[in-house]
Amino acid sequence: MKWYIGQRIVAIKDHSQGDFKRGDEFQINGLRMTPCGCGQVEIDIGLSDDRVDGLICVKCGKGSIYTGALFYHECCFAPLEHIEEAISNLIEETLTVKQI
């Protein structure tokens, strides 16, 4: 998946700790590779939590030190423009079928 700063995204599943729910929309504030080195992309959606000491990679399970912004694994999100485009296409196809 190609991600970029400022991109509009939508959560495609609920976060296990309740940080966001499926359908919540965000804008990407930052991107990074997982600090553990397993090669996964993490996304900053603008949330932080002073109570957090460290984070665990959802892919490999290794821990890292919390840096001030909460980053979430890319598997939690989808680009919003793709979903909007799919809805638009579906509506257009439905209207075309109704006209026939």
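Residues numbered from 1 in each chain as written. Predicted model: local features only at pLDDT ≥ 70, side-chain atom pairs only at ≥ 80, totals over all residues. Heavy atoms only, no water.

Here's the deal with the overall build of the chain
For step 1, the next point in the chain: A count of helices and strands for the chain gives 1 helix and 8 strands.
For step 2, the next point in the chain: Along the chain direction, N to C, the helices and strands of the chain fall in the order β-β-β-β-β-β-β-β-α.
For step 3, the next point in the chain: The principal-axis extent of the C-alpha atoms belonging to the chain is close to 60 × 25 × 25 Å.
For step 4, the next point in the chain: Within the chain, contacts between residues at least 6 apart in sequence are counted, and of these 48% link residues at least 24 apart.
For step 5, the next point in the chain: A gap of 5 Å separates the mean positions of the 10 positive and 15 negative side-chain charges of the chain. (Helix = DSSP H or I, 4+ residues; strand = E, 2+ residues; numbered from the N terminus. Contact = heavy atoms within 4.5 Å. Lys, Arg positive; Asp, Glu negative; His and termini not counted. Charge placed at Lys NZ, Arg CZ, Asp CG, Glu CD.)

Some remarks on the sheet that holds strand S8 (residues 77-79)
For step 1, the next point in the chain: Pairing within the open sheet is antiparallel, and its 3 strands lie in the order S2-S1-S8. Each edge of the open sheet carries a strand with a single partner, namely strand S2 (25-27) and S8. Taken pair by pair, the neighbouring strands of this sheet meet at an average axis angle of 35°, ignoring direction.
For step 2, the next point in the chain: Where strand S1 (residues 8-11) meets S8, 3 bridges bridge the pair, whose relative direction is antiparallel. From the neighbouring strand, Ile 9 faces S8, where its bridge partner is Pro 79. (Pairing = 2+ DSSP bridges. Axes fitted to C-alpha atoms, helices over the stretch in contact; angles between N-to-C directions.)

Examining a nonpolar patch on the surface
For step 1, the next point in the chain: Residues Ile 87, Ile 91 and Leu 95 make up a contiguous nonpolar surface patch of roughly 280 Å² in combined accessible area.
For step 2, the next point in the chain: Its location among the elements puts Ile 91 in helix H1 (residues 80-99).
For step 3, the next point in the chain: Accessibility expressed as a relative area gives 49% for Ile 91, which makes it partly exposed. (Patch = residues over 30% accessible without salt bridge, like charges linked within 9 Å, V, L, I, M, F, W, Y side chains within 5 Å. Areas by Shrake-Rupley, 256 points an atom, 1.4 Å probe, with all protein chains shown as cover. Salt bridge = Lys/Arg side-chain N within 4 Å of Asp/Glu carboxyl O. Buried < 20%, exposed > 50% of the residue type's maximum accessible area, 1.4 Å probe, protein only.)

As for the pattern of salt bridges
For step 1, the next point in the chain: All chains considered together, the criterion is met by 1 salt bridge.
For step 2, the next point in the chain: The partner of Arg 32 in a salt bridge is Glu 42, with the nearest N and O atoms 2.7 Å apart. Placement of the pair is Arg 32 in strand S3 (residues 30-33) and Glu 42 in strand S4 (residues 41-44), with a sequence separation of 10 residues.
For step 3, the next point in the chain: Assessed through its relative accessible area of 18%, Arg 32 is described here as buried.
For step 4, the next point in the chain: By relative accessible area, Glu 42 is classed as buried at 8%.

Remarks on the environment of Ser 64
For step 1, the next point in the chain: Mapping Ser 64 onto the fold places it in strand S6 (residues 63-65).
For step 2, the next point in the chain: Each C-alpha atom, one on Ser 64 and one on Thr 34, is 8.8 Å from the other, the two residues being 30 residues apart in sequence.
For step 3, the next point in the chain: Apart from the residues lying within four places of it in its own chain, the contact partners of Ser 64 are Pro 35, Gly 54 and Leu 55.

Side note on the environment of Gly 68
For step 1, the next point in the chain: Examined against the element boundaries, Gly 68 turns out to sit in the loop between S6 and strand S7 (71-73).
For step 2, the next point in the chain: Overall, Gly 68 belongs to the partly exposed group, its relative accessible area being 39%.
For step 3, the next point in the chain: For the pair formed by Gly 68 and His 15, sequence separation is 53 residues and the distance between their alpha carbons is 19 Å.

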